[in-house]
Amino acid sequence: MSVALITGAACGIGHATALAFARKGAQLVLCDVNSEELERTAAQVSEISTCLLARRVDISKHEEVEAFADEVHRLVPSLDVLVNNAGVYIVGGILDLSLDDWEWVLGVNLRGVIHCCHYFVPAMVQRGQGGHVINVSSMYGFWPAGRVTGYLTSKFGVFGFSEALREDLRGTGIGVSTVCPGVINTNLVQSTRLRNTGNADALRDHLQRIYDRRNYGPEKVAGAIVRAVERNRRLVLVSPEARIMYHMNRLCPPLSRIIARASTRRMFG
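A brief look at the structure comes next.

About the criteria used
Residues numbered from 1 in each chain as written. Predicted model: local features only at pLDDT ≥ 70, side-chain atom pairs only at ≥ 80, totals over all residues. Heavy atoms only, no water. Helix = DSSP H or I, 4+ residues; strand = E, 2+ residues; numbered from the N terminus. Expected span 1.5 Å × (residues − 1). Contact = heavy atoms within 4.5 Å. Polar contact = N/O pair within 3.5 Å; in protein donor to acceptor, adjacent residues only side chain to side chain. Pairing = 2+ DSSP bridges. Axes fitted to C-alpha atoms, helices over the stretch in contact; angles between N-to-C directions.

On to helix H6 (residues 200-214), then. In this model, H6 (15 residues) spans 21 Å end to end at C-alpha, consistent with the 21 Å of a helix rising 1.5 Å per residue. As for H6, its buried residues are in contact with strand E8 (193-194) and helix H9 (253-268). Its side-chain oxygen 3.2 Å from the backbone nitrogen of aspartate 201, asparagine 199 forms the N-cap of H6. Note on H6: the residue one or two positions beyond its end, asparagine 215, has a positive phi of about 50°.

Here we come to the sheet that holds strand E9 (residues 235-237). Taken in spatial order, the seven strands of this open sheet run E3-E2-E1-E4-E6-E7-E9, and their pairing is parallel. Of all strands in the sheet, those with a lone pairing partner are strand E3 (50-56) and E9, marking the two edges. Along the sheet, successive strands turn relative to each other by an average axial angle of 15°, direction set aside. Sheet analysis places strand E7 (residues 174-180) next to E9, joined by three bridges and oriented parallel. When the sheet's bridge partners are listed, valine 179 is paired in E9 with valine 236. Helix-sheet contacts for helix H7 (residues 218-231) involve strand E4 (81-84), strand E6 (131-136), E7 and E9, and the interaxial angle to E6 is about 145°.

Listed below in structure tokens is the structure:
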């Protein structure tokens, strides 16, 4: 039976992915900074399969990830699947963001992925039985747009890191998939940092309505992640908008930029 670790497992895509792997018979290792919701996910996983471990971990802090990895590796020699899903969102351009904002978004979204790969992938390689790494990027990992400079930078970084990691691990039997979900209806908006946006409450409500109307649930992303592991897919463009904009950005960059600007105005004013 395989062992899968999911970061950001308390809610949204991470929660749905944990349950999807549990239904496939995997044993789960879970982490998040939200202890209460993480316990809920762990309990639901335990009704389906086995939750080996659930811990509060801030993946932006390498010492916490190191301690977590030591605990995991006392239970199992290595992971079979590592899903780097945890992420945060921030709205604001280069003139709006503080250095603390940059530290926050890059710490979780990019360095968190690097930390987890640093502490878990070597054991997967050493075991020599293959495995898979899933890195959740974003449409903003390949589609330049304004007003989301910090988030976009972090997700471009995850996209590039995943491409390089797949090459690094070629020949080891360990696959790497980059997942770009699209507009997914989770609770991410409620924890988003909004910078220089006027009425923050009104903007947050506006963004939530957009996500609610789109109503594309995290379960679809979870299913795509499981299939990516099963089929060793390099790039996973989950939603229709992710697929459309990826190919448009490659085939007609000027039109892609026009759409990005229009989308930015619609979302952020």
